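Structural description and commentary
Chain by chain, the residues:
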Amino acid sequence: MRQTVSGYNKVAKLLHWFSAIMVIGLFAAGYWMVDLSYYSEWYKPVPHWHKSAGLCLLILTIGRLIWKSITTSPAIEGSPFEKKAAAAAHHLIYLLLFILFLSGYLISTADGRGIEVFNWFEVPGFGSFIENQEDIAGLVHEYTAYILIGLASLHGLAALKHHFINKDNTLKKML
Amino acid sequence: MKKILIASVIGATMMIPMTANAADYTIDTRGAHASVNFKVSHLGYSFIQGRFNKFDGEFSYDKNDIEASKVTVNIDTSSLDSNHAERDKHIKGSDFINVSKFTSAQFVSTKVTKKTDGGLAINGDLTLHGVTKPITIDATFIGEGKDPWGGYRAGFEGTTRLQLADFGIKVMGASSYVDMDLQVEGIRK
């Protein structure tokens, strides 16, 4: 048996809140940039930053999962149903993130081009694996993003419910 | 003596920016605002249009000093695409451009002159199928200016006819030559 802890460790907290900011920022940028006019000065830089930040978040998320697996996380609080639902939601959030990373990558690399990360390094592209990959991956990316934002909102509301209604440790252990 | 040498070296390096004012451009292959297209006869009845998807290059251009212009383009011959995989395989094979042996083609300009009609004659050496031959590209300057994203671009269009026999490529039937159609847009460095 691992020893139990009452809150998340500092690194886990930092990674969690940083990811939250990144996810909201990426969603906002993505939502905005797809409707930009070709002649907008933002048309080129914003998708470039979105892709770069998204790939950085991928690396961070892999690191986060490794960190989570080697450190101890506090127990989920609430009714048996809430515990199950919370665990499922947490797993689903990770899964949706990875669907977003993969689908985003598959849009930009459908023609074999790599993705430049902040003009810092390039992630190679491997072309298309399915026909009309950029379109299909685009739809998956879009709908997954909406689902993730919906689920993340629910996740936030649930934390607030535990904090203000149940008055338990749920929110505090992440602060 | 040493001091004079150092002073003259410094003096010489300081003079370089004074003389070179032709702007250098990178061909925008990343944004695919450039293409290397070819057109070749099919049995003498119609033309096949294809292109090379992978290439890179750079040029320098100054509208006030055309003669100082230069262009270099490297083409990945294996990126030939005529919208038909089996045909591409055939053209890339040893019957034609033999890409496993001659993986790249290169054009290096030697002289650029302004023609009386306002167009440009770009003379240079083309290396294709392992053979280097001088060719002339008839080019037209299309336009230049700022783009909406903070860059500066200049673009050209060019055509040239290559005789396959000149490059040691076997002539079969009516397909003795290939017309190249080049679209080039560069981003100023």
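To be clear, the structure that these remarks concern was listed above.
Note that residues are indexed from 1 along each chain, following the sequence as it is written. Written order decides the labels, with chains lettered from A and ligands numbered from 1. Note on the predicted model: pLDDT of at least 70 is required for a residue's local features to be given, and 80 or more for side-chain atom pairs to be given and counted; whole-chain, interface and lining totals, by contrast, use all residues. Just so you know, side-chain values use all the structure's heavy atoms and leave hydrogens and water out.

**Points about the packing of helix α3 (residues 80-108) of chain A against helix α4 (residues 133-166) of chain A**
All names here are of chain A. In contact at an axis separation of 8 Å, α3 and α4 are set at 150° when each is read in the N-to-C sense. As judged from the angle between their axes, α3 and α4 are roughly antiparallel. Both α3 and α4 take part in a crossing whose hand is left-handed. Split by residue class, the contact of α3 with α4 holds 15 nonpolar, nine polar and three charged. Here an angle of 0 to 180 degrees is reported between the N-to-C directions of two axes, which are lines fitted to C-alpha atoms, with helices fitted over the stretch in contact. Starting at the N terminus, helices and strands are each numbered in turn, a helix being any DSSP run of H or I of at least four residues and a strand any DSSP run of E of at least two. Oblique is the label for every angle not falling under 35 degrees (roughly parallel), over 145 degrees (roughly antiparallel), or within 65 to 115 degrees (roughly perpendicular). The handedness criterion is simple: a crossing whose near helix is rotated anticlockwise from the far helix by less than a right angle is left-handed, and one whose near helix is rotated clockwise is right-handed. We call Asp, Glu, Lys and Arg charged. Ala, Val, Leu, Ile, Met, Phe, Trp, Tyr, Cys and Pro are nonpolar, and the rest, Gly among them, are polar.

**Describing the nonpolar core**
Buried Ala, Val, Leu, Ile, Met, Phe, Trp, Tyr and Cys residues that are joined via side-chain atoms within 4.5 Å together make up what is termed a nonpolar core. Buried, partly exposed and exposed residues are distinguished by accessible area as a fraction of the type maximum, computed with a 1.4 Å probe on protein chains only: under 20%, between the cut-offs, and over 50%, respectively. Counting residues in each nonpolar core, the largest one holds 40 residues, and the members touching the most others are B:Phe59 and B:Leu162. Sorting elements by how many residues they give to this core places strand β8 (residues 120-128) of chain B first, with four residues. When checking whether two residues touch, look at their non-hydrogen atoms; a contact exists if any pair is within 4.5 Å. In this view, B:Leu162 contacts B:Leu126, B:Leu128, B:Ile135, B:Phe167, B:Ser176, B:Tyr177, B:Val178 and B:Met180; residues no more than four positions away in its chain are not counted. With 14 residues, the next largest nonpolar core counts A:Ala53, A:Leu57, A:Leu96 and A:Ala145 among its residues.

**Things to note about the pattern of salt bridges**
Residues and elements named next belong to chain B. Salt bridge, as applied in this entry: a Lys or Arg side-chain nitrogen positioned within 4 Å of an Asp or Glu carboxyl oxygen. Tallying each qualifying case throughout the model produces 13 salt bridges over all chains. The partner of Lys170 in a salt bridge is Asp95, with the nearest N and O atoms 4.0 Å apart. Of this pair, Lys170 sits in the loop between β10 (152-163) and β11 (177-188) while Asp95 sits in the loop between α2 (85-92) and β7 (104-114), placing them 75 residues apart in sequence. Assessed through its relative accessible area of 29%, Asp95 is described here as partly exposed. In this structure, Glu185 engages Arg153 in a salt bridge whose closest nitrogen and oxygen atoms are separated by 2.6 Å. Taken as a pair, Glu185 in strand β11 and Arg153 in strand β10 lie far apart in primary sequence, 32 residues in all. Overall, Glu185 belongs to the partly exposed group, its relative accessible area being 22%.

**Examining unusual backbone geometry**
For A:Lys167, which is not glycine, the phi torsion reads 50° and is therefore positive. In this structure, A:Lys167 sits in the segment after α4.

**Here's the deal with the packing of aromatic side chains**
Centre distance within 6.5 Å is the pairing criterion for rings of Phe, Tyr and Trp, where only the six-membered ring of Trp is used; planes under 30 degrees apart are then read as stacked, over 60 as edge-to-face, and the remainder as tilted. Using the criterion set out here, one finds 15 aromatic pairs over all chains in the structure. Look at A:Phe27 and A:Tyr146: their rings are 5.8 Å apart centre to centre, the planes differ by 75°, and that puts the pair in the edge-to-face class. Here the residue A:Phe27 occupies a position in helix α1 (residues 10-33), and A:Tyr146 occupies one in helix α4, the gap between them amounting to 119 residues. For A:Phe27, a relative accessible area of 23% translates into the label partly exposed. An aromatic cluster is present here, built from B:Tyr25, B:Phe59, B:Tyr61, B:Phe141 and B:Phe156 joined pairwise through their rings.

**Observations regarding the environment of A:Ser19**
Residues and elements named next belong to chain A. Mapped onto the elements, Ser19 comes out in helix α1. Linking Ser19 and Pro80, residues 61 residues apart in sequence, is a C-alpha distance of 28 Å. Filtering out sequence-adjacent residues up to four positions away, Ser19 remains in contact with Leu57 and Arg64. Each polar contact in these results corresponds to two N or O atoms within 3.5 Å; when the atoms are within protein, one needs to be able to donate a hydrogen and the other to accept it, and residues that are neighboring in sequence are counted only if both atoms are side-chain atoms. Among the polar contacts made by the side chain of Ser19, one reaches the main-chain carbonyl oxygen of Leu15 at a distance of 2.7 Å.

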